[in-house]
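Close look at the chain arrangement
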Amino acid sequence: MFKILKSIKNIFIHIRSSLKFIFLIIIATVIIIGIISLVYRPMYSVTLDGEFIGYTTNKSKLQKRINEYLEGGDKNIAFIDVKSLPEYSLCLLKKENQTNDDEIFDKVKNLGTTYYEYYAIVEKSKEKYYVSTKKEAEEVINKLKEKKSTNIDDLAYTKVHSTELKEFKDTESIITALYEKPRVVIASGYSTYNGERIISNATPSAQVLGIGLIKPISGVITSRFGVRSSGNHKGLDIATSSGTTIAAAAGGTVIFSGWDSYGLGYCVKISHGNGVTTVYGHCSKLYVTSGQTVSAGEAIAAVGSTGNSTGPHLHLEIRVNGTPQNPQLYLYK
Ligand SMILES: [Zn+2]
């Protein structure tokens, strides 16, 4: 019985000395940690592609910043491509080591390639103007379609993915820059002048023009030059199918190519020198521009029925010093 009590006492002594020992270890650890934390602190060493780029204490904040950058804040940034992402390893470093989150961020950023996404307005497969959104690109094309811009078939928009960000233009100025006045008008019916009674022919004899003329088209004479019941007909009407190529009657300089508001519709005027000009009216298409030099027989326009006309025909005028002559004194005799 006494023996048992003695061994219990021994156990207590043993526990007490063990607790004392553990307590001493804890105290020592706290002191060591205290000393270490005076000199050292935990930090993340950051490497990119195996190369050390700096230290950070706030890994999650830095990585969040990098992630936000990679997602691309700008609506025109499609994505950002980086070869590798930074790797972090925890270490205990002397406090004098500086953290450099900004430098780490810049290094990651510099290695990244930004891919932008925007839209190009294309004319004849060539990128001409750039807009930020698809909506704007569609607006440009639709407005030009509405306005019946003649180059509409050559226009389109396309999505661009590029590392280069282009300068964007506003839709209004693009529309203005690209717009080409309509030239194609399709009509059906017959010449206004067809069948009208000719009262007199204004020019009795041919003047010497000093230049040779060729027939701009071949076709059926539907109205002759002369004074009529409804007024002067200053030219000769030659009917043929719409779209037939009109050739220049002689070489010269185009002095007008566009819309004639006096009834000739789309019209070309060529000056041949010697005071001689030829006029081609009611065209469906114009192939020349003002100021351009043309040679005899060159395609200048296509037969149409624009202006004061009810069927496809060429209204041909020959003027000498501004006065219309009877074309049949020279051509289509
Ligand atoms: Zn006519």
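Procedures and definitions
Residues numbered from 1 in each chain as written. Predicted model: local features only at pLDDT ≥ 70, side-chain atom pairs only at ≥ 80, totals over all residues. Domains from an automatic or database assignment. Pairing = 2+ DSSP bridges. Helix = DSSP H or I, 4+ residues; strand = E, 2+ residues; numbered from the N terminus. Axes fitted to C-alpha atoms, helices over the stretch in contact; angles between N-to-C directions. Left-handed = near helix turned anticlockwise from the far one by under 90°. Contact = placed C-beta atoms within 7 Å. Buried ≥ 20, exposed ≤ 12 C-beta atoms within 10 Å, placed from the backbone. Core = buried A, V, L, I, M, F, W, Y, C linked by C-beta atoms within 7 Å. Expected span 1.5 Å × (residues − 1). pLDDT = per-residue confidence, 0-100.

Okay, the domain arrangement of the protein next. As assigned here, the protein comprises domain 1 (38-111), domain 2 (116-178) and domain 3 (198-329). Computed over C-alpha atoms only, the centres of domain 1 and domain 2 are separated by 40 Å.

What follows concerns the pairing of strand E6 (residues 126-131). Alignment of strand E5 (residues 113-123) against E6, held across five bridges, turns out to be antiparallel. Bridge pairing links Glu-123 to Lys-126 in E6.

Before going further, it helps to examine the sheet that holds strand E17 (residues 285-286). A sheet is described by the order of its strands in space; here three strands give the open sequence E13-E19-E17, paired in antiparallel fashion. If you trace the sheet from one side to the other, it starts and ends with strand E13 (245-247) and E17, each paired once. Sheet topology places E13 next to strand E19 (residues 299-302); three bridges connect them, and they run antiparallel. Note that in E19 the partner of Thr-245 across the bridge is Ala-302.

Orientation of helix H4 (residues 134-146) relative to helix H5 (residues 171-178), taken along the N-to-C sense of each, is 35°, at an axis distance of 10 Å. Between H4 and H5 the crossing geometry is right-handed. Residues Glu-136, Glu-139, Val-140, Lys-143 and Leu-144 of H4 form the contact with H5, whose participating residues are Thr-171, Ile-174, Ile-175 and Leu-178.

Now for unusual backbone geometry. Residues other than glycine seldom take positive phi values, yet Lys-148 does so here, at roughly 55°. Along the chain, Lys-148 turns up in the loop between H4 and strand E7 (155-162). Backbone geometry at Asn-321 places phi at a positive 50°, although glycine is not the residue there. Structurally, Asn-321 is set in the loop between strand E20 (313-320) and strand E21 (323-325). A residue is classified by how many C-beta atoms lie within 10 Å of it, and Asn-321, with 9 of them, is exposed.

With that settled, consider the sheet that holds strand E2 (residues 51-56). The three strands lie next to each other as E2-E1-E4, forming an open sheet whose pairing is antiparallel. Unpaired on one side and paired on the other, E2 and strand E4 (87-94) mark the two borders of the sheet. Going across the sheet, the axis of each strand differs from the next one's by a mean of 35°, ignoring polarity. Bridge count for strand E1 (residues 40-48) against E2 is five bridges, and the pairing is antiparallel. Across the sheet, Ser-45 pairs through a bridge with Tyr-55, a residue of E2. Strands E1 and E2 of the sheet are contacted by helix H3 (residues 101-111), whose axis makes an angle of about 140° with E2.

Turning to the environment of Asn-100, a few remarks are in order. Its place among the elements puts Asn-100 in the loop between E4 and H3. Note: C-alpha distance between Asn-100 and Thr-56 (44 residues apart in sequence) is 6.4 Å. Once residues within four sequence positions are removed from consideration, Asn-100 is found in contact with Gly-54 and Tyr-55.

In terms of nonpolar packing, the biggest core is built from 28 residues, with Ile-246, Cys-267, Val-268, Tyr-280, Cys-283, Ile-300 and Ala-301 touching the most fellow members. Secondary-structure elements contributing two or more residues to this core are strand E12 (236-239), strand E14 (252-260), strand E15 (265-273), strand E16 (276-283), E19 and E20. The element best represented in this core is E15, accounting for four residues. Once you skip the residues sitting within four places of it in the chain, Cys-267 turns out to touch Phe-256, Asp-260, Val-279, Tyr-280, Gly-281 and Cys-283. Counting residues in hydrophobic clusters, the runner-up holds 13 residues, among them Tyr-119, Val-140, Leu-144 and Leu-178.

Another point: the environment of Phe-105. Inspection of the secondary structure puts Phe-105 in helix H3. In this structure the C-alpha to C-alpha distance between Phe-105 and Leu-155, which are 50 residues apart in sequence, comes to 43 Å. Apart from residues no more than four positions distant in its own chain, Phe-105 is found in contact with Leu-62, Arg-65 and Ile-66.

Before going further, it helps to spend a moment on H4. Given 3.6 residues per turn, any residue in an α-helix points the same way as the ones three and four places further on. The first and last C-alpha atoms of H4 sit 18 Å apart over 13 residues, in line with the 18 Å expected at 1.5 Å per residue. Residues of H4 that are buried make contact with E5, E6, E7 and H5. In the stretch just after H4, Lys-148 is the one whose phi turns positive, near 55°.

Confidence in the prediction for the protein averages 84 pLDDT; 90% of positions are at 70 or higher. By mean pLDDT, the top-scoring element of the protein is E19 (97), and the lowest-scoring one is strand E8 (residues 198-200) (45).

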